[in-house]
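The primary structure of each chain is shown beneath.
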Amino acid sequence: MEPAVPGVSAPQISGSTRLYAVLGAPVEQVRAPSLLNPLFARLGIDAVLFPVHVDPEAFAGVLHGLTRMKNLDGLLVTIPHKAAALRLADEVSPAAAAAGAVNAVRREPDGRWRGENFDGTGFVRGLTGAGHFPDGKRIVVMGAGGAGSAIAAALLAAGAAHLTVCDPDAAKLRDLVARLEEHWPGRATGEADPALGHADIVVNATPLGMRADDPQPFPVRALAPRCVVADVIMKPSETALLKAAAAHGHPILHGAHMLDHQLDLYRTFFRLDEPQRR
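As the structure is a computational prediction, the values presented were derived from the model and not from experiment.

**Q** Would you mind showing me how to read the sheet that holds strand β3 (residues 72-77) here?
**A** By way of backbone hydrogen bonds, the strands of a sheet pair with one another, either parallel or antiparallel. The strand order β2-β1-β3-β5-β6-β4 describes an open sheet built from six strands, whose pairing is mixed. Here the strands that pair on one side only, and so sit at the sheet edges, are β2 (47-53) and β4 (91-92). Bridge analysis of strand β5 (residues 104-107) against strand β6 (residues 113-116) gives four bridges, and the strand direction is antiparallel. In the strand pairing of β6, V105 is matched with G115. Helix α1 (residues 32-43) contacts β1 (18-24), β2 and β3 of the sheet and is inclined by roughly 165 degrees relative to β2. Against the sheet, helix α2 (residues 59-67) engages β1, β2, β3, β5 and β6, with an angle of about 155 degrees to β3.

**Q** Please explain the packing of helix α5 (residues 119-129) against helix α6 (residues 146-157) as it appears in this structure.
**A** The relative placement of two packed helices is expressed as an angle between their axes plus a distance between the axes. Where α5 contacts α6, the two axes come as close as 7 Å, and the packing angle between them is 60 degrees. Between α5 and α6, the angle is such that the two are oblique. Along this stretch, α5 crosses α6, giving a crossing that reads as right-handed. Contacts between α5 and α6 involve D119, G120, T121, F123, V124 and L127 from the former and A147, A150, I151, A154 and L155 from the latter. Residues that form the contact of α5 with α6 fall into these classes: eight nonpolar, two polar and one charged.

**Q** Which parts of the structure should I look at to understand the packing of aromatic side chains?
**A** Note on aromatic pairs: each is described by the distance of the centres and the angle between the planes. For the structure shown, the criterion picks out six aromatic pairs. Ring centres of Y20 and F270 lie 5.2 Å apart, and the angle between their planes is 75 degrees; on these two criteria the pair is classed as edge-to-face. Highlighted residues: Y20 in strand β1 and F270 in the segment after α10 (263-269), separated in sequence by 250 residues. Judged by its relative accessible area of 3%, Y20 is buried. Geometrically, the ring pair formed by F118 and F269 is edge-to-face, given 5.4 Å between the ring centres and 75 degrees between the ring planes. You can see F118 sitting in the loop between β6 and α5 and its partner F269 sitting in helix α10, a full 151 residues away along the chain. With respect to class, F118 is no different from F269; both count as buried. Three or more aromatic residues joined by ring pairs make a cluster, and in this case those are Y20, F40, F118, Y266, F269 and F270.

Conventions adopted
- Residues numbered from 1 in each chain as written.
- Predicted model: local features only at pLDDT ≥ 70, side-chain atom pairs only at ≥ 80, totals over all residues.
- Heavy atoms only, no water.
- Pairing = 2+ DSSP bridges.
- Helix = DSSP H or I, 4+ residues; strand = E, 2+ residues; numbered from the N terminus.
- Contact = heavy atoms within 4.5 Å.
- Axes fitted to C-alpha atoms, helices over the stretch in contact; angles between N-to-C directions.
- Parallel < 35°, antiparallel > 145°, perpendicular 65-115°, else oblique.
- Left-handed = near helix turned anticlockwise from the far one by under 90°.
- Nonpolar A, V, L, I, M, F, W, Y, C, P; charged D, E, K, R; others polar.
- Phe/Tyr/Trp six-rings, centres within 6.5 Å; stacked < 30°, edge-to-face > 60°.
- Buried < 20%, exposed > 50% of the residue type's maximum accessible area, 1.4 Å probe, protein only.

Structure follows, in structure tokens:
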């Protein structure tokens, strides 16, 4: 047993503690426990969020088991499970439906599970908070997975003039562009090799950058001067892409901004301020 760290109190978990889980593969990089657990403590809520590493082939079974736990109130979902979580939710929000993915699921009073996606809203809030506004801009999103889909939808909702999505999975890319076309006709396209030199903002919404030996998701030298480069990778904070972009004089946006701006959204979604939670 490791010795206690001075000045740091351990969560007091009892038989009445409510449970939340964050599911991913891997989960070592997730920051949600370090944000939500202190929030529970500040609000005086007897709850704990814990990480669950589950591989894609086991996801449906694990999710089914977790949602049968009577003391589990909510789930957060990270790569690569966001699209699968949408298919298994009982109902989803319009934003999640447009993205084709969820990153948060809560238990409703009637026992049904409602899915929502805050990746896109969190990303746009982080982007604008850093002084980069998507309205009227030409934007490229690399990756049509759960995060990329949500970010693409949110950027169009925020007024992007045109958005290009790139992904090697042709079927996934086609499905995303079709969903975006329903809501924002004529403003989104899918391309295997986007024209990066015409973009005002480029977003890496792929997992490339999590490992030290990952290739960069796109060549920084192809970007126009002062093009904003954003990365959704949380760990490491300074990805190879962001280091290269900064070295070439591009404004950069770290992945942490997307999650930091989701904390208040989670607080509302999970109804943490309601009196009965105290």
